[in-house]
Amino acid sequence: MEELEQQDIVFLELRQKLQSGLLFIRSDIVQNGADVKLESREESTLNIRTPERTYQVNLTPGVSLVEASCQKSPGVTEHGSHFRLRLNVEQPLDTPSSVIGRLKVKETNCFLCQSCGSRVLQDRVFRRVLPLPNGNWNTLVDDWCCHPDPFANRKLLPRDDDCLLGDTYILLARDSGCEQTLTQEVTSYQIAAGSSQISGEKRFSKSVMVSCRNCSALLGEEVTSEVLKFYMTEILVKPSEDGQCDITQHSSLSKSISTRLARWGFLEQTLASRLVELSSAQSIFRFSIQTPGGKAMILLWLLNTDTLVASFPDAAVRGDSFISAGGVRSGEHQSFQAVPAVKVLYLSCSDSEHKDIVDVWEKEISVHPLPLPQRSCEELLNLLSSNTSRLPAFLRSMNSYQVAYMRM
């Protein structure tokens, strides 16, 4: 019963490229699939009518249901009924950009702590915004050079007006205001064992961690005395007009819903958008979410990037305030917006049952490492697990992997 309460009562998945969709309705909402009526009278609006109430899904512009295309899948599961749909898609929705993808030259940006909204850097106008080479670029130099490595023990560092973009972080020159907005602390962490490391030997590295002075949230680390690394999951980057940075949206978000939900929403949107950018630019689909020390925490396999999802949790029907405030209408008529999402498979590296899969992934050169602070890795795993628990039972796993949809 507890598992049923966690599961969304209605779940809708739409594939824009395939122009098809899947609708699931929980068994305690509809006993007979014949009682479900689907209508798409207004453009980009889908009405799901059940005997008790109507669920309205606001689709993105240019997406609509093909009339009379709803077909109930054969067989009735104990958890509910599911239907297949066909769509008209005039123009696929563009994927939102991540924090890293939005940084441009000659634009004024302000940098805020994601946890509390405090300004952590002075406004910046970059002369150059450049991507850093792949995280393993140093190890590949020997394959390209017939002479000693000219880059040995050298780091790629930004100048004062530069912004260097890593896969999950940005490198910026320190400014004069950092002493008032940031704190530093020397910490040590264990480096993950490599293939060349003696079995049982533990190696440690020291790093200067950088935190927000206002709320003590970890933001990144010090690369040199003049260069700072900020992780994209810990900062907000907003356009600054006439020297003013609008943080009212962040403030109202924190007040309207719980801190954890606000944090999870930001983490989910930021990472999902970045996964799409990396897969599009580098044809990468398998990722290892790691700590800065290289310890693998989550294996993530990106499946679909053309998905729209909408779901109705129990709280929406009950009229719980923290969900109703997000645009859900209480009563007999419930409305939700279909949003772009990515479908992923994932595994926790701490799960001993899947150690063989983890070992295989660690040896695969096609698996791309994504370093994040350990707290963010743990939050991401909790987020994915919560996401999976809300899915219909038949969608929660694929082979040995768990399934999740990360909204953008």
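Residues numbered from 1 in each chain as written. Predicted model: local features only at pLDDT ≥ 70, side-chain atom pairs only at ≥ 80, totals over all residues. Heavy atoms only, no water.

A. Here's a closer look at the overall build of the protein. Along its length, the protein carries ten helices and 26 strands. When each of the 408 residues of the protein is scored for burial, the buried share is 49%. The long-range share in the protein, meaning contacts at least 24 apart out of those at least 6 apart in sequence, stands at 67%. (Helix = DSSP H or I, 4+ residues; strand = E, 2+ residues; numbered from the N terminus. Buried < 20%, exposed > 50% of the residue type's maximum accessible area, 1.4 Å probe, protein only. Contact = heavy atoms within 4.5 Å.)

B. The pairing of strand β17 (residues 227–231), seen in detail. For β17, the buried fraction is high: five of the five residues fall into the buried class. Residue alternation in β17 divides its side chains into two sets, V227, K229 and Y231 and L228 and F230, and both sets are buried. Alignment of strand β13 (residues 169–173) against β17, held across five bridges, turns out to be antiparallel. Counted as the bridge partner of L172 is L228 from β17. Looking at chain direction, strand β16 (residues 218–224) and β17 are connected through four bridges and run antiparallel. The partner of G220 across the bridge, within β17, is F230. (Pairing = 2+ DSSP bridges.)

C. Spatial organisation of the packing of aromatic side chains. This model, assessed by the stated rule, comprises nine aromatic pairs. Taking the centre distance of 6.4 Å and the plane angle of 75° together, the rings of Y169 and Y231 count as edge-to-face. In this pair, Y169 is assigned in strand β13 and Y231 in strand β17, connecting sequence segments 62 residues apart. The exposure classification of Y169 matches that of Y231, with both residues buried. With a centroid separation of 5.9 Å and an interplanar angle of 90°, the aromatic rings of W301 and Y401 are classed as edge-to-face. Pair noted here: W301 is in strand β21 (residues 296–312) and Y401 is in strand β26 (residues 401–407), with a separation of 100 residues, a long-range link. With relative accessibility at 30%, the residue W301 sits in the partly exposed group. Following the ring pairs from residue to residue traces out a cluster consisting of Y55, F312 and F336. The positively charged end of R286 is found above the aromatic ring belonging to W301, 5.4 Å away from the centroid. Across from the ring centre of W361, 5.0 Å away, lies the NZ or CZ of R286, which sits over that ring. (Phe/Tyr/Trp six-rings, centres within 6.5 Å; stacked < 30°, edge-to-face > 60°. Lys NZ or Arg CZ within 6 Å of the ring centre and 35° of its normal.)

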